[in-house]
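Residue-level structural notes
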Amino acid sequence: MESECRVPSACCRPRVLVLQALFWSLVSLRVFGAALLSEESTTVKQQSAPCWLLEDFVVATECSPCTAFQTTSWASCGPTGFVERVNCTRSNKDEYKSCRSSLLEERLFWRFEASMLVLTLSSSVVVVLRQRLLDRLASEKVRRQIESI
């Protein structure tokens, strides 16, 4: 007869329970610690935020690719590889802001389309091969049943 207890008896041992409690307390400490650190880092970021985050701005030069020197030396070139110069209206400061160019967007779009095409074709091949295998197994089963009669 089967027991109605759904929890395996190995999970109810005191040593296992203590280890699980220790594990989950460490996980929760990591999560809450990361949350506290992110709150502290956001307050620091707000103090040194660029002017285009805090006020209105006008784009002085359009989005253009960064040079090799700019990529290594400017933090704004890092995320996308493209940068535009903006002029903040209230403080009248010129700063550089990372941007997404239409060339980059088009390249990413076609890369996505190509990967979806490859995924579609490979999935179709797998489905066809699997169907052939299942058909062969069904034919074999029917043949064996007929032979046993």
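An unreviewed UniProt entry lists the protein chain under the name Protein JTB, with Champsocephalus esox given as the organism. We quote the UniProt Sequence similarities (unreviewed entry) comment for the protein chain here in full: "Belongs to the JTB family." We quote the UniProt Subunit (unreviewed entry) comment for the protein chain here in full: "Interacts with AURKA, AURKB, BIRC5 and INCENP. May be a component of the CPC at least composed of BIRC5/survivin, CDCA8/borealin, INCENP and AURKB/Aurora-B."

Considerations on the sheet that holds strand β3 (residues 94-98)
Across the sheet, which stays open at both edges, the three strands sit in the order β1-β2-β3 with antiparallel pairing between neighbours. Across the chains shown, the open sheet's two edge strands, defined by having one partner strand only, are β1 (57-65) and β3. Direction aside, the axes of adjacent strands within the sheet are offset by 25 degrees on average. Note: β1 against strand β2 (residues 82-88), six bridges, orientation antiparallel. Bridge pairing links V59 to V86 in β2.

Notes on the environment of C88
Take C88: it is sitting in strand β2. C-alpha of C88 to C-alpha of L53: the two residues are 35 residues apart in sequence and 9.5 Å apart in space. With residues near it in sequence (within four places) discarded, C88 still touches C51, W52, E55, D56, F57 and K93.

As for the pattern of salt bridges
Going through the model one piece at a time under the given rule, you end up with five salt bridges. K97 serves as the salt-bridge partner of E84, at 3.6 Å between the closest nitrogen and oxygen. Placement of the pair is E84 in strand β2 and K97 in strand β3, with a sequence separation of 13 residues. Here R100 and E105 are joined by a salt bridge, their closest N and O atoms 2.4 Å apart. Relative accessible area serves as the criterion here: at 36%, E105 is assigned to the partly exposed category.

What to know about the side chain of E84
Residue classification places E84 among the buried positions, given a relative accessible area of 10%. The contacts of E84, once residues within four sequence positions are left out, are V59, T61, E62, C63, E95, Y96, K97 and C99.

Side note on the state of the cysteines
For the coordinates displayed, the defined rule picks out three disulfides. Across a sulfur-sulfur distance of 1.7 Å, C51 and C88 are joined as a disulfide pair. With the S-S dihedral at roughly 70 degrees, the linkage between C51 and C88 falls on the right-handed side. With C51 in helix α2 (residues 51-54) and C88 in strand β2, this residue pair connects regions lying 37 residues apart in the sequence. Of the residues examined, C51 reaches a relative accessible area of 6% and is grouped as buried. With a relative accessible area of 0%, C88 lands in the buried category. The disulfide partner of C66 is C77, and the S-S distance across this bridge is 2.1 Å. Its S-S torsion of approximately -90 degrees makes the covalent link between C66 and C77 left-handed. Taken together, the positions of C66 in the loop between β1 and α3 (68-73) and C77 in the loop between α3 and β2 put the pair eleven residues apart, joining distant regions of the chain. Like C66, the residue C77 is buried in the burial classification. Take the cysteines of the protein chain that form disulfides and number them in order along the sequence; they join up as 1-5, 2-6, 3-4.

Reading guide: rules and limits
- Residues numbered from 1 in each chain as written.
- Predicted model: local features only at pLDDT ≥ 70, side-chain atom pairs only at ≥ 80, totals over all residues.
- Heavy atoms only, no water.
- UniProt positions renumbered as here; feature names shortened; annotations may be inferred.
- Pairing = 2+ DSSP bridges.
- Helix = DSSP H or I, 4+ residues; strand = E, 2+ residues; numbered from the N terminus.
- Axes fitted to C-alpha atoms, helices over the stretch in contact; angles between N-to-C directions.
- Contact = heavy atoms within 4.5 Å.
- Salt bridge = Lys/Arg side-chain N within 4 Å of Asp/Glu carboxyl O.
- Buried < 20%, exposed > 50% of the residue type's maximum accessible area, 1.4 Å probe, protein only.
- Disulfide = S-S within 2.5 Å.

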